[in-house]
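A look at the structure
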Amino acid sequence: MDCSFISINDLRRMFQMFDKNQDGLVSLEELHWILERLGWSEHTPEELEPIVGKQSLNLDEFLRFYNDAVSTKKETNSDSVVDNDDAIVGAFNVFDVNGDGYISSEELRTVLERLGFEEETKSWDCGRMIRAHDKNLDGVIDFEEFKNMMLHVQ
């Protein structure tokens, strides 16, 4: 999985899961639901339409939107540092299910299941995913480790 825990293949599966009528489109309401689960619910579905420019997205548009959203969240210029930190805190809080200030492998699995990856989490090693970014080797991801992971800092 990539540094944000969600790979392109995972996003494709998420898209297919939400495309219930299999018309190849995801509505703004469904997009908002996904963004909410990722801690990026800054806009209502109505506010998303001018940003997206349409009522629904096909798979390529969805992937492009996600990529743009992730890129925007990772900006580090001086004008966006505060917004970027707020976004990272929001995303961290999504994964910190019990609010103890750490993300455990169990919490990661819970959030991935909430995002619709119930079957996939059975084969994913969430512990290994945590260990990949656990720089102080305490078995959990703290906020600084999460922030460094999101900003691709080594």
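Structure: see above.
Quantities reported herein were computed from a predicted structural model and do not represent experimental measurements.

Another point: the overall build of the chain. A tally of helices and strands in the chain yields 9 helices and 4 strands. Along the chain direction, N to C, the helices and strands of the chain fall in the order α-β-α-α-β-α-α-β-α-α-α-β-α. Contacts spanning at least 24 positions in sequence make up 55% of the contacts within the chain whose residues lie at least 6 apart.

So, on to the packing of aromatic side chains. Scanning the model with the defined rule gives 5 aromatic pairs in all. Ring plane angle 70 degrees and centroid distance 5.4 Å describe the contact between F92 and F146, whose orientation is recorded as edge-to-face. A residue pair is termed long-range when its members are at least 10 positions apart, and F92 in helix 5 (residues 81-95) and F146 in helix 9 (residues 143-150) qualify at 54 residues. Overall, the relative accessible area of 5% leaves F92 in the buried class. Relative accessible area serves as the criterion here: at 1%, F146 is assigned to the buried category. What links up through ring pairs into an aromatic cluster is the set F92, F95, F143 and F146.

For the structure shown, the criterion picks out 2 salt bridges. For K54, the salt bridge is made with E61, and the minimal N-O distance between the two is 2.7 Å. Judged by relative accessible area, K54 falls into the partly exposed class, the value being 33%.

The set of residues buried in helix 2 (residues 28-37) consists of L28, L31, H32, I34 and L35. All buried residues of helix 2 lie within an arc of 160 degrees about the axis, which places them on one face of the element.

Here D125 is to be found in the loop between helix 7 (118-121) and helix 8 (126-131). When its relative accessible area of 33% is taken as the criterion, D125 is described as partly exposed. The spacing of D125 and S105 is 20 residues in sequence and 8.4 Å in space, taken between C-alpha atoms. For D125, the side chain forms a polar contact with the main-chain nitrogen of G127, separated by 3.1 Å. A polar contact of 3.0 Å, which involves the side chain of D125, links it to the backbone nitrogen of R128.

Turning our eyes to something else, we now look at the side chain of K147. Here K147 is to be found in helix 9. Taking the relative accessible area as the measure of exposure, K147 reaches 19% and is therefore buried. With residues near it in sequence (within four places) discarded, K147 still touches D85 and I88.

Bringing the environment of V94 into the picture now. Looking at the secondary structure, you find V94 in helix 5. It is 9.0 Å that separates the C-alpha atoms of V94 and E36, two residues lying 58 residues apart in sequence.

So, on to helix 9. Helical geometry: 3.6 residues make up each α-helical turn, so side chains three or four residues apart lie on a common side. By the burial criterion, the buried members of helix 9 are E145, F146, K147, M149 and M150. The backbone nitrogen of E144 has a side-chain oxygen 3.1 Å away, supplied by the residue at the start of helix 9, namely D142. Remark: H152 follows helix 9 within two positions and exhibits a positive phi of approximately 55 degrees.

Time to look at the nonpolar core. Judged by nonpolar contacts, the single largest core of 35 residues is most densely connected at L31, F62 and F146. The element that contributes the greatest number of residues to this core is helix 5, accounting for 5 residues. Other than its neighbours up to four places away in sequence, L31 contacts V26, L48, V52, L57, F62 and F65.

Cut-offs used in this document
Residues numbered from 1 in each chain as written. Predicted model: local features only at pLDDT ≥ 70, side-chain atom pairs only at ≥ 80, totals over all residues. Heavy atoms only, no water. Helix = DSSP H or I, 4+ residues; strand = E, 2+ residues; numbered from the N terminus. Contact = heavy atoms within 4.5 Å. Phe/Tyr/Trp six-rings, centres within 6.5 Å; stacked < 30°, edge-to-face > 60°. Buried < 20%, exposed > 50% of the residue type's maximum accessible area, 1.4 Å probe, protein only. Salt bridge = Lys/Arg side-chain N within 4 Å of Asp/Glu carboxyl O. Arc of directions from axis to C-beta. Polar contact = N/O pair within 3.5 Å; in protein donor to acceptor, adjacent residues only side chain to side chain. Core = buried A, V, L, I, M, F, W, Y, C linked by side-chain atoms within 4.5 Å.

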